Amino acid sequence: SQTIHQWPATLVQPVGSPLSLECTVEGTSNPNLYWYRQAAGRGLQLLFYSVGIGQISSEVPQNLSASRPQDRQFILSSKKLLLSDSGFYLCAQSAGGVRNEQFFGPGTRLTVL
Amino acid sequence: AQRVTQPEKLLSVFKGAPVELKCNYSYSGSPELFWYVQYSRQRLQLLLRHISRESIKGFTADLNKGETSFHLKKPFAQEEDSAMYYCALSGSTGANNLFFGTGTRLTVIP
């Protein structure tokens, strides 16, 4: 079965500091990987997705970037955090192809002060 | 462009009463619709998808292409149904991307 790990679970960072959130998956090979953000009072917004190592697609322009250095590792980064980056970040994975169920990680709560 | 609308942020019903969580969508192609649920202190997980046409935990959802809706229904709500519910749409392209609504928090009052 698929297992998704995310860390840290919570993070408080000052404005202007860098960010690195990590997601690793188990139990599947060559998955599609996704980063979502849930801001207060808003739905889940897709930030990035990846269909393979080194392949990153961005859905919205923003202060964040993503990387996939290994098949089962997905990293969300920022060089300088903004207040608006605060939110709940979810990593998800699915089998390749379209219209497959997505499995979600436990999430990281990021607060930028 | 695709869009998923859940008009109710909060919904409260009494135990045993029927419940309907509304979802409307906008998509130019042939979408697949999902309902995801997040119970307290649990991960977001798939509840059901329209292509399966099955009932999960007593919930059903019918895709109405004419009204572009995918409302989630249950005839008799239970306390354990209290959770956050998200309607989501997957298009026919784009690496299986899901577009989520803003979610509805359902509270079932005992």
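Look a little higher up for the structure.
Conventions and cut-offs
- Residues numbered from 1 in each chain as written.
- Chains lettered and ligands numbered in written order.
- Predicted model: local features only at pLDDT ≥ 70, side-chain atom pairs only at ≥ 80, totals over all residues.
- Heavy atoms only, no water.
- Helix = DSSP H or I, 4+ residues; strand = E, 2+ residues; numbered from the N terminus.
- Rg over C-alpha atoms; globule rule 2.2 N^0.38 Å.
- Buried < 20%, exposed > 50% of the residue type's maximum accessible area, 1.4 Å probe, protein only.
- Contact = heavy atoms within 4.5 Å.
- Areas by Shrake-Rupley, 256 points an atom, 1.4 Å probe, with all protein chains shown as cover.
- Lys, Arg positive; Asp, Glu negative; His and termini not counted.
- Charge placed at Lys NZ, Arg CZ, Asp CG, Glu CD.
- Disulfide = S-S within 2.5 Å.
- Pairing = 2+ DSSP bridges.
- Core = buried A, V, L, I, M, F, W, Y, C linked by side-chain atoms within 4.5 Å.
- Buried area = accessible area lost by both parts, 1.4 Å probe.
- Polar contact = N/O pair within 3.5 Å; in protein donor to acceptor, adjacent residues only side chain to side chain.
- Nonpolar A, V, L, I, M, F, W, Y, C, P; charged D, E, K, R; others polar.

We now examine the overall build of chain A. Looking only at helices and strands, chain A features 0 helices and 11 strands. The helix and strand sequence of chain A, counted from the amino end, reads β-β-β-β-β-β-β-β-β-β-β. Scaling as 2.2 N^0.38, a compact globule of 113 residues should have a C-alpha radius of gyration of about 13 Å, and chain A matches this with 13 Å. Of all 113 residues assigned to chain A, the portion counted as buried reaches 47%. Once local pairs closer than 6 in sequence are excluded, the contacts in chain A between residues at least 24 apart make up 53%. As displayed, chain A has an accessible area near 5,100 Å², and 53% of this comes from carbon and sulfur atoms. Positive and negative charge centroids in chain A, built from 8 and 6 side chains respectively, lie 8 Å apart.

With that settled, the discussion passes to the environment of B:Q2. All names here are of chain B. Mapped onto the secondary structure, Q2 falls in the segment before β1 (3-5). In this structure Q2 comes out as partly exposed when scored by relative accessible area, which is 31%. Separated by 53 residues in sequence, Q2 and S55 have C-alpha atoms that sit 26 Å apart. Among all residues touching Q2, those that are not within four sequence positions of it are S26, Y27, L89 and F99.

This brings us to the state of the cysteines. What the rule picks out here adds up to 2 disulfides over all chains. Here A:C23 connects covalently by a disulfide to A:C91, the sulfurs 1.9 Å from one another. Between A:C23 and A:C91, the S-S dihedral sits near -70 degrees, and the bridge is therefore left-handed. Separated by 68 residues along the polypeptide, A:C23 in strand β3 (residues 19-26) and A:C91 in strand β9 (residues 87-94) bring together distant segments of the chain. For A:C23, a relative accessible area of 1% corresponds to the buried category. Here B:C23 pairs with B:C87 through a disulfide, and the sulfurs are 2.0 Å apart. Linking B:C23 and B:C87, the disulfide has an S-S dihedral of approximately -65 degrees and is accordingly described as left-handed. Taken together, the residues span a long stretch of sequence, with B:C23 in the loop between β3 (19-21) and β4 (24-26) and B:C87 in strand β9 (residues 83-90) at a distance of 64 residues.

Bringing the pairing of strand β11 (residues 104-109) of chain B into the picture now. Residue and element names in this part refer to chain B. On β11, burial follows the alternation: T104, L106 and V108 on one face are buried, whereas R105, T107 and I109 on the facing-out side are not. Relative to β11, strand β2 (residues 10-14) runs parallel, the two sharing 5 bridges. Bridge pairing in β11 places L10 opposite R105. Two strands pair when backbone bridges link them, and β9 and β11 are joined in this way by 3 bridges, in the antiparallel orientation. By the bridge assignment for β11, M84 is matched with R105.

What follows concerns the nonpolar core. One finds B:W35, B:L72 and B:Y85 to be the most contacted residues of the largest nonpolar core, which totals 25 residues. At the level of elements, β2, β3, β5 (32-38), β6 (45-49), β9 and β11 of chain B are the ones that each hand at least two residues to this core. Broken down by element, the residue count for this core peaks at 4 residues, all from β9(B). In terms of nonpolar packing, the next biggest core, distinct from the first, is built from 19 residues, A:L19, A:L33, A:A66 and A:F74 among them.

Okay, the interface of chain B and chain A next. Accessible area lost upon the coming together of the parts serves often as the stated size of an interface. Facing the 24 residues of chain B at the interface are 24 residues of chain A. Summed over both sides, the interface of chain B with chain A buries roughly 1,900 Å², with 47% coming from carbon and sulfur. The interface formed by chain B and chain A contains 4 residue pairs in polar contact (both at pLDDT 80 or more). Of all the secondary structure elements, the ones that give two or more residues to the side of chain B that touches chain A are β5, β6, β9 and β10 (98-100) of chain B. Residue composition of the side of chain B that touches chain A, by class: 10 nonpolar, 10 polar and 4 charged.

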